[in-house]
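Each chain is listed here by its residues.
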Amino acid sequence: MGMFDGLLNSVLQGLGGKDGDPSSLGQTLNNALAKTEFGSLQGVLDHLQTSGLGAQVASWLGNGSNLPIDVEQIRGALGNAELQKLATQFGIPLDQISGMLAQYLPDAVDKLSPNGKLTT
């Protein structure tokens, strides 16, 4: 099992409620993002907000449904250089890391912000 498989399993377990401690999901995401310019999940959210995606981030933090984010929005906001760092770290193509973030980030943030504030 590669490093990416471990991250993916942790994220999926956290999102699926199979992991009793959502902080492990936050820690896994923070560890993966520590080697980027964002430094943490909160850093990614801050960057997304300043990149014009504040409505999406607010919906993930708040109650109710989560607004989606697509691959192009991820690429545009986070940039290929930082996404490439993550992709290289996990040995996967750039387009797959963008797709994984687009697919799982809204639910992960929602799960890690039960009171409207990110807890990792």
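Model, not experiment: these values are computed from the prediction.

Participant: So what's going on with the environment of Val44? Residues and values would help.
Facilitator: Secondary-structure assignment places Val44 in helix 3 (residues 41–61). Taking relative accessible area as the criterion, Val44 reaches 3% and is therefore assigned buried. Along the chain, Val44 and Ala77 lie 33 residues apart, while their C-alpha atoms are 9.2 Å from each other. Setting aside residues no more than four positions away along its own chain, Val44 makes contact with Leu33, Phe38, Leu78 and Leu105.

Participant: Before we move on, can you summarise the environment of Pro106 with the specific residues and values?
Facilitator: Along the chain, the position of Pro106 falls in helix 6 (residues 94–111). Sequence separation between Pro106 and Leu67 is 39 residues; the distance between their C-alpha atoms is 7.6 Å. Discounting chain neighbours no more than four positions away, the residues touching Pro106 are Trp60, Asn66, Leu67, Ile69 and Leu101.

Participant: Which residues make up the pattern of salt bridges, and what values go with them?
Facilitator: For the coordinates displayed, the defined rule picks out two salt bridges. The partner of Arg75 in a salt bridge is Glu72, and the shortest N-O contact between them spans 2.9 Å. Separated by three residues within a single helix, Arg75 and Glu72 lie in helix 4 (residues 71–78), roughly one turn from each other. The partner of Lys85 in a salt bridge is Glu82, and the shortest N-O contact between them spans 3.0 Å. You can see Lys85 and its partner Glu82 sitting in helix 5 (residues 80–90), three residues apart, about one turn around the helix. Judged by its relative accessible area of 39%, Lys85 is partly exposed. For Glu82, a relative accessible area of 7% translates into the label buried.

Participant: Which residues make up the packing of helix 3 against helix 4, and what values do they have?
Facilitator: Closest axis-to-axis distance for the helix 3/helix 4 pair is 9 Å, and the angle between their directions is 130°. Judged by the inter-axis angle, helix 3 sits oblique to helix 4. Our pair here, helix 3 against helix 4, has a crossing hand that is right-handed. Two secondary-structure elements touch here, helix 3 through Val44, His47, Leu48, Ser51, Leu53 and Gln56 and helix 4 through Gln73, Ala77 and Leu78.

Participant: Any details on the environment of Gly76? Residues and values, ideally.
Facilitator: The residue Gly76 is located in helix 4 in this model. Separated by 28 residues in the primary sequence, Gly76 and Leu48 place their C-alpha atoms 9.5 Å from one another.

Participant: Now, about the packing of helix 4 against helix 6: what can you tell me, with residues and values included?
Facilitator: Two quantities define a packed helix pair, namely the angle between the helix axes and the distance between the axes. Interhelical geometry of helix 4 versus helix 6 gives an angle of 105° and a closest axis separation of 8 Å. Relative to helix 6, helix 4 is oriented roughly perpendicular. Between helix 4 and helix 6, the residues in contact are Val71, Ile74, Arg75 and Leu78 and Asp95, Ser98, Gly99, Leu101, Ala102 and Leu105, respectively. Class assignment of the residues belonging to the contact of helix 4 with helix 6 gives a composition of six nonpolar, two polar and two charged.

Participant: With reference to specific residues and values, describe the side chain of Ser59.
Facilitator: Looking at the element boundaries, Ser59 is found in helix 3. A relative accessible area of 12% means that Ser59 is categorised as buried. Among all residues touching Ser59, those that are not within four sequence positions of it are Ser65, Asn66 and Leu67.

About the thresholds
Residues numbered from 1 in each chain as written. Predicted model: local features only at pLDDT ≥ 70, side-chain atom pairs only at ≥ 80, totals over all residues. Heavy atoms only, no water. Helix = DSSP H or I, 4+ residues; strand = E, 2+ residues; numbered from the N terminus. Buried < 20%, exposed > 50% of the residue type's maximum accessible area, 1.4 Å probe, protein only. Contact = heavy atoms within 4.5 Å. Salt bridge = Lys/Arg side-chain N within 4 Å of Asp/Glu carboxyl O. Axes fitted to C-alpha atoms, helices over the stretch in contact; angles between N-to-C directions. Parallel < 35°, antiparallel > 145°, perpendicular 65-115°, else oblique. Left-handed = near helix turned anticlockwise from the far one by under 90°. Nonpolar A, V, L, I, M, F, W, Y, C, P; charged D, E, K, R; others polar.

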